[in-house]
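# Summary of structural features
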Amino acid sequence: MKSRVPHPSWIEVDLGQFRKNIEVVRGRIGKALYCLPVKANAYGHGLKEIGRAAEEAGVDYLGVAHLQEGIELRDARVKIPILVLGAIHEDQIDDLIAHQLEFSISSKMKADFVAKRCEGKCRVHLEVDTGMHRTGVRSSTAIELMRHLRDLKVFDVVGIYSHFATAGDAFATRQMETFQVLLMEPIFKEQPLIRHIANSSGITHFPPLDMVRPSLITFGYGAREGVAPCFALKSKV
């Protein structure tokens, strides 16, 4: 039998403060698109609730770790674009397309197995490794992969992105320089692409490109006036 006795500890999420944080970030990024990563249950804040609140507050994109998070947001009637930042598997392609989820491509192998399953067009972002060494195609072979995606005809490449490995130091500056040099290649200028790399630290230290992905500051963690945490753990003692 399920207990009806309330637990003496609970979590409160202040959606009013969350919206204020979004306004502060908006003031910093100007006309850049706002992609809010909401991985891991929106970092404990509640995926569906935060997803709906972010959409209502004018966030342009949501970023998730995997297919299941994207489906959960679509089931919650979130309509804005959702980018799956994590790895995908061959048996997930049909669901990614059915739920209108954008996803990352970082290798020819992945591109080829997606192409075999994709009917119509798949909206994808090319992920480039500029120094984090976790995921992404090397910048030295990104042009070759972009040509391959274009030749396969099933891909609508809507964006190109990378991840900062550090926060606002010389290494991050080198990553930004590597990314910007790559973006100057003609193949990446032939069509409009959403270019994005900046996280919360990135929007503080670098001018925004076409889109930013600031999760930490949006949830209230970061030394910026007007930003405050919207998560509180409370307990009766």
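Up top you'll find the structure we're talking about.
Structure report, in brief. (Residues numbered from 1 in each chain as written. Predicted model: local features only at pLDDT ≥ 70, side-chain atom pairs only at ≥ 80, totals over all residues. Heavy atoms only, no water.)

With that settled, consider the pattern of salt bridges. Applying the stated criterion across every chain yields a total of 8 salt bridges. As a salt-bridge pair, Lys-234 and Glu-12 come within 2.8 Å of each other at their nearest N and O atoms. Here Lys-234 is found in strand β11 (residues 231-235), whereas its partner Glu-12 is found in strand β1 (residues 9-13), with 222 residues between them in sequence. Since its relative accessible area comes to 35%, Lys-234 is described here as partly exposed. Between Lys-108 and Glu-144 there is a salt bridge whose closest N-O contact spans 2.8 Å. Here Lys-108 is found in helix α6 (residues 108-117), whereas its partner Glu-144 is found in helix α7 (residues 142-152), with 36 residues between them in sequence. The class of Lys-108 is partly exposed, set by a relative accessible area of 36%. Glu-144 sits in the partly exposed class, given a relative accessible area of 41%. Members of the salt-bridge network, linked through shared partners, are Glu-102, Arg-123 and Asp-156. (Salt bridge = Lys/Arg side-chain N within 4 Å of Asp/Glu carboxyl O. Helix = DSSP H or I, 4+ residues; strand = E, 2+ residues; numbered from the N terminus. Buried < 20%, exposed > 50% of the residue type's maximum accessible area, 1.4 Å probe, protein only.)

Here the distance between the centres and the angle between the planes together describe a pair of aromatic rings. Scanning all chains against the criterion turns up 3 aromatic pairs. Taking the centre distance of 5.8 Å and the plane angle of 25° together, the rings of Phe-18 and Phe-219 count as stacked. Residue Phe-18 is located in helix α1 (residues 15-29), and its partner Phe-219 is located in the loop between α10 (215-218) and β11; the two are separated by 201 residues in the primary sequence. Each of the two residues, Phe-18 as well as Phe-219, counts as buried. Measuring from centroid to centroid gives 5.3 Å for Phe-164 and Phe-206, while their planes differ by 20°, and the two rings are stacked. Here Phe-206 lies in the loop between α9 (200-205) and β10 (211-212) and Phe-164 lies in the loop between β8 (155-161) and α8 (170-183), a separation of 42 residues in the sequence. Exposure class is identical for Phe-164 and Phe-206. Each is buried. Among the aromatic residues, ring-to-ring pairing joins Phe-18, Tyr-43 and Phe-219 into one connected group. (Phe/Tyr/Trp six-rings, centres within 6.5 Å; stacked < 30°, edge-to-face > 60°.)

This part takes up the packing of α6 against α7. Interhelical geometry of α6 versus α7 gives an angle of 10° and a closest axis separation of 10 Å. Classified by the angle between their axes, α6 and α7 sit roughly parallel to one another. Residues Lys-108, Ala-111, Asp-112 and Ala-115 of α6 form the contact with α7, whose participating residues are Glu-144, Leu-145, His-148, Leu-149 and Leu-152. In terms of residue class, the contact of α6 with α7 is made up of 5 nonpolar, 1 polar and 3 charged. (Axes fitted to C-alpha atoms, helices over the stretch in contact; angles between N-to-C directions. Parallel < 35°, antiparallel > 145°, perpendicular 65-115°, else oblique. Contact = heavy atoms within 4.5 Å. Nonpolar A, V, L, I, M, F, W, Y, C, P; charged D, E, K, R; others polar.)

Along the chain, Thr-130 turns up in the loop between β6 (122-129) and β7 (137-138). Of note is the side chain of Thr-130, whose polar atom sits 2.8 Å from the side chain of Ser-162. A polar contact is formed between the side chain of Thr-130 and the side chain of Gln-175, at a distance of 2.9 Å. Excluding residues that lie within four positions of it along the chain, Thr-130 makes contacts with Ser-162, His-163, Gln-175, Thr-178, Phe-179 and Ile-197. (Polar contact = N/O pair within 3.5 Å; in protein donor to acceptor, adjacent residues only side chain to side chain.)

Another point: the environment of Lys-79. When you line up the elements, Lys-79 lands in the loop between α4 (67-75) and β4 (82-84). Separated by 109 residues in sequence, Lys-79 and Phe-188 place their C-alpha atoms 28 Å apart. In contact with Lys-79, not counting residues within four places along its chain, are Glu-55 and Arg-74.

Turning to α4, a few remarks are in order. Within the span of α4, buried status applies to Leu-67, Glu-69, Gly-70, Ile-71, Leu-73 and Arg-74. Against the buried residues of α4 lie α2 (39-44), α3 (47-56), β3 (61-64), β4 and α5 (93-98). At the exit of α4 stands Arg-77, carrying a positive phi of roughly 70°.

The values reported here are purely geometric and, on their own, carry no functional implication.
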